[in-house]
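Observations on the model geometry
If you want the building blocks of each chain, they are given just below.
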Amino acid sequence: MNMNKETYKKYAEARAPRSPILKNCIRAFLVGGLICTLGQGLRDIYTRLCGMNREDAGTLTAVTLVFVAVLLTGFGIFDRIAKFAGAGTLVPITGFANAVASPAIDSQSEGWVLGVGAKIFTVAGPVLLYGTLAGAVYGVIYWIATLF
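Residues numbered from 1 in each chain as written. Predicted model: local features only at pLDDT ≥ 70, side-chain atom pairs only at ≥ 80, totals over all residues. Heavy atoms only, no water.

Counting its secondary structure elements, the chain contains seven helices and zero strands. The linear arrangement of helices and strands in the chain, starting from the amino end, is α-α-α-α-α-α-α. In terms of overall size, the chain is more extended than a compact globule, its C-alpha atoms giving a radius of gyration of 21 Å where 148 residues would be expected to give roughly 15 Å. Taken over the C-alpha atoms alone, the chain extends approximately 70 × 45 × 40 Å along its principal axes. A fraction of 49% describes how many contacts in the chain between residues 6 or more apart in sequence connect residues 24 or more apart. Accessible area for the chain stands at about 11000 Å²; split by element, carbon and sulfur atoms hold 69% of it. Distance between charge centres in the chain, computed from 13 positive and 8 negative side chains, equals 11 Å. (Helix = DSSP H or I, 4+ residues; strand = E, 2+ residues; numbered from the N terminus. Rg over C-alpha atoms; globule rule 2.2 N^0.38 Å. Contact = heavy atoms within 4.5 Å. Areas by Shrake-Rupley, 256 points an atom, 1.4 Å probe, with all protein chains shown as cover. Lys, Arg positive; Asp, Glu negative; His and termini not counted. Charge placed at Lys NZ, Arg CZ, Asp CG, Glu CD.)

What follows covers the layout of surface pockets. Rolled over the atoms, a probe with the dimensions of a water molecule shows which regions are left empty. As a volume, the largest pocket reaches approximately 190 Å³. If you go around the largest pocket, the residues you meet are Val31, Leu34, Ile35, Leu38, Leu65, Val68, Ala69, Leu72, Phe78, Ile81, Thr89 and Thr94. For the lining of the largest pocket, the secondary structure elements donating two or more residues are α2 (21-49), α3 (54-74) and α4 (77-85). (1 Å grid on protein atoms, 1.4 Å probe; cavity = no way out; pocket = protein on both sides within 12 Å on 5 of 7 lines; lining within 4 Å. Points joined across faces, edges and corners; volume = space filled by probe spheres on them.)

Looking now at the packing of α3 against helix α5 (residues 93-106). Orientation of α3 relative to α5, taken along the N-to-C sense of each, is 40°, at an axis distance of 8 Å. Judged by the angle between their axes, α3 and α5 are oblique. The handedness of the crossing between α3 and α5 comes out as right-handed. Here Ala62, Leu65, Val66, Ala69, Val70, Thr73 and Gly74 of α3 come into contact with α5, specifically with Ile93, Thr94, Ala97, Asn98, Ala101, Ser102 and Ile105. (Axes fitted to C-alpha atoms, helices over the stretch in contact; angles between N-to-C directions. Parallel < 35°, antiparallel > 145°, perpendicular 65-115°, else oblique. Left-handed = near helix turned anticlockwise from the far one by under 90°.)

In structure tokens:
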């Protein structure tokens, strides 16, 4: 069978399963909204019941959400939620926590140094590296701009 790229593209598209876009969007919206609502509820609890100021309550909320996401990742529950909700779990801070924890958990059998230590930043490493680099470049540009 001899096909050019355009013919193969049409062939593959005709046989590819259709993605239920509307259903996926609704699931992502609901689960992402639920995670954000949980975060807001935690912040309200920390502010009102624990007497924290808004900034400290926000910090503790982020830490709590990261902890819960890593815990759920460790038990394999986060992956099932992500499979159901798609991008709804990736957008909030919980998605970043999962991206850091998953490679570390997957490579645990290779040991603490060469497994967990080396692989923990496989996904998040470039984000941290380029985010830090972009912040430094922006800081230099801002500093130069304030000189004039």
